[in-house]
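Topology and contacts: notes
Each chain, letter by letter, is given below.
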Amino acid sequence: MPLKKDASGRLHIETPFLAESLMDKELLAGTHGSYIRPILPDLRVVKIGGQSIIDRGVKAVLPILDEIVACRPEMPILITTGGGTRSRHVYAIAIDLGMPAGVLASLGSSISEQNALMISLLLASHGGIKIGHDDVPKLPAHLAVGGIPVTHGMAPYGLFEEPPASGRIPPHRTDVGTLLLAEVLGTPRCILIKDEDGLYPADPKKEPGTGVIPEIEVNDLIDQDFNDLPVERSMLHVLSRARSVNEVLVVNGLKPGNVTRALHGEHVGTRIYRTRD
Ligand code: ADP
Ligand code: MG
(Lines give C-alpha, C1' and ligand atoms only; values in the text may rest on other atoms or scores of the structure.)
(Ligands and ions follow the chains in the order given, each with its own letter.)
Protein backbone atom coordinates (compact mmCIF):
# COMPACT_ATOMS: atom_id res chain seq x y z
CA MET A 1 0.00 0.00 0.00
CA PRO A 2 1.54 3.36 -0.98
CA LEU A 3 2.01 5.79 1.92
CA LYS A 4 1.84 9.54 1.35
CA LYS A 5 2.56 12.60 3.52
CA ASP A 6 0.10 15.50 3.42
CA ALA A 7 1.12 19.18 3.63
CA SER A 8 1.24 19.00 7.44
CA GLY A 9 3.58 16.03 7.30
CA ARG A 10 0.93 13.57 8.48
CA LEU A 11 1.14 10.11 6.92
CA HIS A 12 -1.81 8.72 4.94
CA ILE A 13 -2.46 5.49 3.11
CA GLU A 14 -3.05 6.41 -0.50
CA THR A 15 -6.27 4.69 -1.51
CA PRO A 16 -9.18 5.49 -3.79
CA PHE A 17 -11.48 4.92 -0.76
CA LEU A 18 -10.39 8.17 0.94
CA ALA A 19 -13.27 10.63 1.28
CA GLU A 20 -15.61 8.19 -0.49
CA SER A 21 -19.03 7.11 0.75
CA LEU A 22 -18.15 3.56 -0.37
CA MET A 23 -21.38 3.54 -2.37
CA ASP A 24 -20.11 4.61 -5.78
CA LYS A 25 -20.88 1.70 -8.14
CA GLU A 26 -17.69 1.95 -10.17
CA LEU A 27 -15.56 2.20 -7.04
CA LEU A 28 -17.27 -0.86 -5.56
CA ALA A 29 -16.81 -2.88 -8.75
CA GLY A 30 -13.13 -1.95 -8.68
CA THR A 31 -12.68 -3.75 -5.33
CA HIS A 32 -13.52 -7.12 -6.88
CA GLY A 33 -9.86 -8.07 -7.28
CA SER A 34 -8.65 -11.26 -8.85
CA TYR A 35 -7.51 -13.23 -5.82
CA ILE A 36 -8.92 -14.21 -2.44
CA ARG A 37 -6.61 -16.27 -0.31
CA PRO A 38 -8.21 -19.61 0.61
CA ILE A 39 -7.67 -19.84 4.38
CA LEU A 40 -8.45 -23.53 4.91
CA PRO A 41 -9.05 -24.89 1.39
CA ASP A 42 -8.97 -28.57 2.45
CA LEU A 43 -11.53 -28.12 5.21
CA ARG A 44 -14.80 -30.00 4.80
CA VAL A 45 -17.66 -27.88 6.10
CA VAL A 46 -20.59 -30.15 6.90
CA LYS A 47 -23.97 -29.19 8.31
CA ILE A 48 -26.00 -31.83 10.14
CA GLY A 49 -29.63 -30.92 9.57
CA GLY A 50 -31.72 -30.14 12.64
CA GLN A 51 -35.21 -31.22 11.67
CA SER A 52 -34.06 -33.66 9.02
CA ILE A 53 -31.38 -35.48 11.07
CA ILE A 54 -30.79 -34.44 14.70
CA ASP A 55 -34.47 -34.52 15.66
CA ARG A 56 -34.63 -38.12 14.43
CA GLY A 57 -32.41 -39.04 17.34
CA VAL A 58 -29.77 -41.64 17.90
CA LYS A 59 -30.65 -43.91 14.95
CA ALA A 60 -30.07 -41.14 12.43
CA VAL A 61 -27.31 -39.22 14.17
CA LEU A 62 -24.85 -41.89 15.32
CA PRO A 63 -24.24 -43.57 11.94
CA ILE A 64 -23.47 -40.14 10.45
CA LEU A 65 -21.05 -39.32 13.26
CA ASP A 66 -19.40 -42.74 12.76
CA GLU A 67 -18.78 -41.89 9.10
CA ILE A 68 -17.37 -38.48 10.01
CA VAL A 69 -15.07 -39.99 12.66
CA ALA A 70 -13.85 -42.62 10.17
CA CYS A 71 -13.05 -39.93 7.56
CA ARG A 72 -11.44 -37.49 10.00
CA PRO A 73 -7.87 -38.95 9.87
CA GLU A 74 -7.86 -38.28 6.12
CA MET A 75 -9.25 -34.72 6.14
CA PRO A 76 -10.03 -31.73 8.37
CA ILE A 77 -13.75 -31.43 9.10
CA LEU A 78 -15.88 -28.68 10.65
CA ILE A 79 -19.42 -29.62 11.67
CA THR A 80 -22.26 -27.12 11.92
CA THR A 81 -25.70 -27.85 13.30
CA GLY A 82 -29.24 -26.93 12.33
CA GLY A 83 -32.00 -25.98 14.72
CA GLY A 84 -34.89 -28.22 13.79
CA THR A 85 -38.27 -28.77 15.38
CA ARG A 86 -37.50 -26.86 18.57
CA SER A 87 -36.71 -23.81 16.42
CA ARG A 88 -40.13 -24.20 14.80
CA HIS A 89 -41.70 -24.31 18.27
CA VAL A 90 -39.95 -21.19 19.46
CA TYR A 91 -40.72 -19.34 16.21
CA ALA A 92 -44.42 -20.17 16.62
CA ILE A 93 -44.45 -18.99 20.23
CA ALA A 94 -42.47 -15.84 19.43
CA ILE A 95 -44.75 -14.93 16.50
CA ASP A 96 -47.76 -15.48 18.75
CA LEU A 97 -46.20 -13.10 21.28
CA GLY A 98 -45.59 -10.48 18.58
CA MET A 99 -41.82 -10.73 18.38
CA PRO A 100 -39.97 -9.32 15.33
CA ALA A 101 -37.71 -11.37 13.04
CA GLY A 102 -34.57 -10.30 14.95
CA VAL A 103 -35.86 -11.87 18.15
CA LEU A 104 -36.81 -15.04 16.29
CA ALA A 105 -33.28 -15.20 14.86
CA SER A 106 -31.75 -14.90 18.33
CA LEU A 107 -33.98 -17.64 19.67
CA GLY A 108 -33.28 -19.90 16.68
CA SER A 109 -29.56 -19.42 17.18
CA SER A 110 -29.77 -20.72 20.76
CA ILE A 111 -31.51 -23.90 19.57
CA SER A 112 -28.92 -24.50 16.88
CA GLU A 113 -26.28 -24.02 19.60
CA GLN A 114 -27.97 -26.61 21.84
CA ASN A 115 -27.62 -29.08 18.97
CA ALA A 116 -23.95 -28.16 18.52
CA LEU A 117 -23.36 -28.88 22.20
CA MET A 118 -24.98 -32.31 21.95
CA ILE A 119 -23.18 -33.28 18.74
CA SER A 120 -19.81 -32.16 20.17
CA LEU A 121 -20.37 -34.22 23.32
CA LEU A 122 -21.35 -37.28 21.29
CA LEU A 123 -17.99 -36.85 19.56
CA ALA A 124 -16.09 -36.09 22.77
CA SER A 125 -14.00 -39.26 22.72
CA HIS A 126 -13.02 -38.56 19.09
CA GLY A 127 -11.91 -34.97 19.57
CA GLY A 128 -15.31 -33.34 19.32
CA ILE A 129 -15.14 -29.78 20.62
CA LYS A 130 -17.93 -27.23 20.72
CA ILE A 131 -16.79 -23.84 19.50
CA GLY A 132 -18.58 -20.50 19.23
CA HIS A 133 -18.41 -18.22 16.22
CA ASP A 134 -15.74 -16.13 17.95
CA ASP A 135 -13.57 -19.24 18.11
CA VAL A 136 -13.42 -19.71 14.33
CA PRO A 137 -9.92 -18.14 14.18
CA LYS A 138 -8.79 -20.96 16.53
CA LEU A 139 -9.93 -23.66 14.12
CA PRO A 140 -6.40 -24.41 12.90
CA ALA A 141 -5.34 -25.26 16.48
CA HIS A 142 -8.25 -27.65 16.99
CA LEU A 143 -7.69 -29.25 13.59
CA ALA A 144 -3.93 -29.61 14.12
CA VAL A 145 -4.49 -31.88 17.12
CA GLY A 146 -7.04 -34.00 15.26
CA GLY A 147 -10.12 -32.38 16.79
CA ILE A 148 -13.58 -32.26 15.27
CA PRO A 149 -14.89 -28.73 15.92
CA VAL A 150 -18.66 -28.30 16.06
CA THR A 151 -20.40 -24.93 15.91
CA HIS A 152 -23.96 -23.71 15.49
CA GLY A 153 -24.92 -23.15 11.88
CA MET A 154 -27.20 -20.16 12.48
CA ALA A 155 -25.86 -17.09 10.69
CA PRO A 156 -24.98 -14.60 13.45
CA TYR A 157 -27.39 -11.83 12.47
CA GLY A 158 -29.30 -12.30 15.75
CA LEU A 159 -31.24 -9.21 16.73
CA PHE A 160 -29.95 -7.51 13.58
CA GLU A 161 -31.72 -9.99 11.28
CA GLU A 162 -33.38 -8.21 8.38
CA PRO A 163 -37.14 -8.40 7.98
CA PRO A 164 -37.94 -11.15 5.46
CA ALA A 165 -39.68 -10.37 2.16
CA SER A 166 -42.68 -12.32 3.40
CA GLY A 167 -43.73 -13.27 6.92
CA ARG A 168 -41.47 -13.29 9.96
CA ILE A 169 -39.26 -16.42 9.82
CA PRO A 170 -35.60 -15.24 9.83
CA PRO A 171 -34.34 -15.57 6.24
CA HIS A 172 -30.74 -16.27 7.32
CA ARG A 173 -30.67 -19.53 9.20
CA THR A 174 -28.36 -22.50 9.41
CA ASP A 175 -27.91 -23.38 5.70
CA VAL A 176 -26.78 -19.87 4.85
CA GLY A 177 -24.71 -19.61 8.05
CA THR A 178 -22.87 -22.78 7.09
CA LEU A 179 -22.28 -21.51 3.56
CA LEU A 180 -21.00 -18.16 4.84
CA LEU A 181 -18.52 -19.97 7.10
CA ALA A 182 -17.31 -22.13 4.20
CA GLU A 183 -16.99 -19.01 2.07
CA VAL A 184 -14.86 -17.05 4.51
CA LEU A 185 -12.65 -20.09 5.13
CA GLY A 186 -12.06 -20.52 1.40
CA THR A 187 -13.44 -24.03 1.01
CA PRO A 188 -14.74 -24.99 -2.43
CA ARG A 189 -17.59 -27.24 -1.28
CA CYS A 190 -20.21 -27.10 1.43
CA ILE A 191 -22.11 -30.27 2.42
CA LEU A 192 -25.64 -30.17 3.84
CA ILE A 193 -26.75 -33.47 5.37
CA LYS A 194 -30.52 -33.86 5.25
CA ASP A 195 -33.09 -36.65 4.94
CA GLU A 196 -33.97 -36.67 1.24
CA ASP A 197 -31.90 -37.71 -1.78
CA GLY A 198 -31.45 -34.07 -2.79
CA LEU A 199 -33.47 -31.37 -4.48
CA TYR A 200 -36.75 -32.26 -6.19
CA PRO A 201 -39.12 -30.04 -8.17
CA ALA A 202 -41.41 -30.21 -5.10
CA ASP A 203 -41.14 -31.46 -1.52
CA PRO A 204 -41.04 -35.26 -1.94
CA LYS A 205 -42.87 -35.65 1.38
CA LYS A 206 -45.84 -33.71 0.00
CA GLU A 207 -45.64 -34.60 -3.70
CA PRO A 208 -43.97 -37.99 -4.12
CA GLY A 209 -43.10 -39.28 -7.57
CA THR A 210 -41.00 -36.46 -8.99
CA GLY A 211 -37.35 -37.30 -9.68
CA VAL A 212 -34.34 -35.91 -7.85
CA ILE A 213 -32.40 -33.21 -9.69
CA PRO A 214 -28.75 -34.37 -9.72
CA GLU A 215 -27.28 -30.94 -10.38
CA ILE A 216 -28.40 -27.43 -11.14
CA GLU A 217 -26.73 -24.07 -11.57
CA VAL A 218 -27.68 -21.81 -8.68
CA ASN A 219 -28.98 -18.92 -10.81
CA ASP A 220 -31.12 -21.37 -12.80
CA LEU A 221 -32.52 -22.65 -9.51
CA ILE A 222 -33.28 -19.11 -8.35
CA ASP A 223 -35.02 -18.45 -11.68
CA GLN A 224 -37.10 -21.64 -11.36
CA ASP A 225 -38.56 -20.16 -8.17
CA PHE A 226 -39.76 -23.49 -6.72
CA ASN A 227 -42.53 -23.14 -4.19
CA ASP A 228 -40.58 -25.15 -1.60
CA LEU A 229 -36.92 -25.98 -1.21
CA PRO A 230 -34.71 -28.15 1.02
CA VAL A 231 -32.33 -25.18 1.46
CA GLU A 232 -32.86 -21.57 2.46
CA ARG A 233 -33.51 -19.18 -0.42
CA SER A 234 -31.01 -16.72 1.08
CA MET A 235 -28.37 -19.45 0.74
CA LEU A 236 -28.95 -19.57 -3.01
CA HIS A 237 -28.38 -15.84 -3.32
CA VAL A 238 -25.19 -16.04 -1.27
CA LEU A 239 -23.93 -18.98 -3.35
CA SER A 240 -24.59 -17.06 -6.57
CA ARG A 241 -22.26 -14.31 -5.29
CA ALA A 242 -19.72 -16.57 -3.55
CA ARG A 243 -16.05 -16.31 -4.46
CA SER A 244 -14.68 -19.45 -2.78
CA VAL A 245 -17.51 -21.95 -2.51
CA ASN A 246 -18.30 -23.44 -5.92
CA GLU A 247 -20.95 -25.92 -4.89
CA VAL A 248 -23.36 -26.95 -2.17
CA LEU A 249 -24.14 -30.64 -1.95
CA VAL A 250 -27.51 -31.69 -0.50
CA VAL A 251 -26.99 -35.23 0.72
CA ASN A 252 -29.28 -37.87 2.24
CA GLY A 253 -27.52 -38.76 5.48
CA LEU A 254 -30.00 -41.53 6.25
CA LYS A 255 -28.40 -43.68 3.53
CA PRO A 256 -25.18 -45.29 4.76
CA GLY A 257 -22.04 -44.28 2.87
CA ASN A 258 -23.40 -41.04 1.44
CA VAL A 259 -21.60 -38.80 3.94
CA THR A 260 -18.30 -40.62 3.38
CA ARG A 261 -18.65 -40.25 -0.37
CA ALA A 262 -19.52 -36.57 -0.11
CA LEU A 263 -16.55 -35.93 2.20
CA HIS A 264 -14.28 -37.60 -0.36
CA GLY A 265 -15.46 -35.18 -3.03
CA GLU A 266 -17.83 -37.53 -4.84
CA HIS A 267 -21.07 -36.31 -6.31
CA VAL A 268 -23.96 -37.65 -4.23
CA GLY A 269 -27.39 -36.12 -3.89
CA THR A 270 -27.93 -32.77 -5.56
CA ARG A 271 -25.06 -30.52 -6.51
CA ILE A 272 -26.08 -26.85 -6.60
CA TYR A 273 -23.17 -25.13 -8.29
CA ARG A 274 -22.29 -21.69 -9.49
CA THR A 275 -20.62 -20.88 -12.75
CA ARG A 276 -17.35 -19.11 -12.07
CA ASP A 277 -17.29 -15.35 -12.42
P1 ADP B 1 -32.66 -29.04 7.92
O2 ADP B 1 -32.95 -30.17 8.86
O3 ADP B 1 -31.28 -29.11 7.35
O4 ADP B 1 -32.98 -27.68 8.44
P5 ADP B 1 -35.10 -28.79 6.45
O6 ADP B 1 -36.02 -29.70 7.19
O7 ADP B 1 -35.22 -27.33 6.71
O8 ADP B 1 -33.60 -29.29 6.67
O9 ADP B 1 -35.20 -29.01 4.88
C10 ADP B 1 -35.14 -30.31 4.35
C11 ADP B 1 -36.54 -30.74 4.00
O12 ADP B 1 -37.02 -29.92 2.95
C13 ADP B 1 -36.65 -32.14 3.45
O14 ADP B 1 -36.84 -33.04 4.50
C15 ADP B 1 -37.85 -32.07 2.52
O16 ADP B 1 -38.99 -32.71 3.05
C17 ADP B 1 -38.13 -30.59 2.40
N18 ADP B 1 -38.27 -30.08 1.03
C19 ADP B 1 -39.07 -29.02 0.70
N20 ADP B 1 -39.00 -28.76 -0.60
C21 ADP B 1 -38.16 -29.68 -1.14
C22 ADP B 1 -37.68 -29.90 -2.46
N23 ADP B 1 -38.07 -29.12 -3.50
N24 ADP B 1 -36.80 -30.91 -2.66
C25 ADP B 1 -36.39 -31.67 -1.63
N26 ADP B 1 -36.81 -31.51 -0.35
C27 ADP B 1 -37.70 -30.51 -0.09
MG1 MG C 1 -33.85 -25.90 7.41
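Whatever comes next refers back to the structure up there.
My aim in this report is to walk through the structure given alongside it, one point at a time. (Residues numbered from 1 in each chain as written. Chains lettered and ligands numbered in written order. Predicted model: local features only at pLDDT ≥ 70, side-chain atom pairs only at ≥ 80, totals over all residues. Heavy atoms only, no water.)

1. A closer look at helix H6 (residues 174-185)
Quick reminder: α-helices carry 3.6 residues per turn. Residues three or four places apart thus point the same way. For H6, built from 12 residues, the straight-helix expectation of 16 Å at 1.5 Å per residue is met to within 8% by its first-to-last C-alpha distance of 16 Å. A large share of H6 lies buried, amounting to 10 of its 12 residues. Buried within H6 are the following residues: Thr174, Asp175, Val176, Gly177, Thr178, Leu179, Leu181, Ala182, Glu183 and Leu185. Looking one or two residues past H6, Gly186 carries a phi angle of roughly 80°, positive in sign. (Helix = DSSP H or I, 4+ residues; strand = E, 2+ residues; numbered from the N terminus. Expected span 1.5 Å × (residues − 1). Buried < 20%, exposed > 50% of the residue type's maximum accessible area, 1.4 Å probe, protein only.)

2. Let's talk about the pairing of strand E9 (residues 247-252)
Within E9, six of the six residues are buried, which leaves the element mostly enclosed by the surrounding structure. Residues of E9 alternate between two faces, with Glu247, Leu249 and Val251 on one and Val248, Val250 and Asn252 on the opposite face, all of them buried. Pairing of E9 with strand E10 (residues 270-273) involves four bridges; the strand directions are antiparallel. By the bridge assignment for E10, Val250 is matched with Thr270. (Pairing = 2+ DSSP bridges.)

3. A short note on the nonpolar core
Ranked by size, the top nonpolar core spans 33 residues in total, and within it Leu139 and Ile272 carry the most contacts. A per-element tally of this core places H6 first, with five residues. (Core = buried A, V, L, I, M, F, W, Y, C linked by side-chain atoms within 4.5 Å.)

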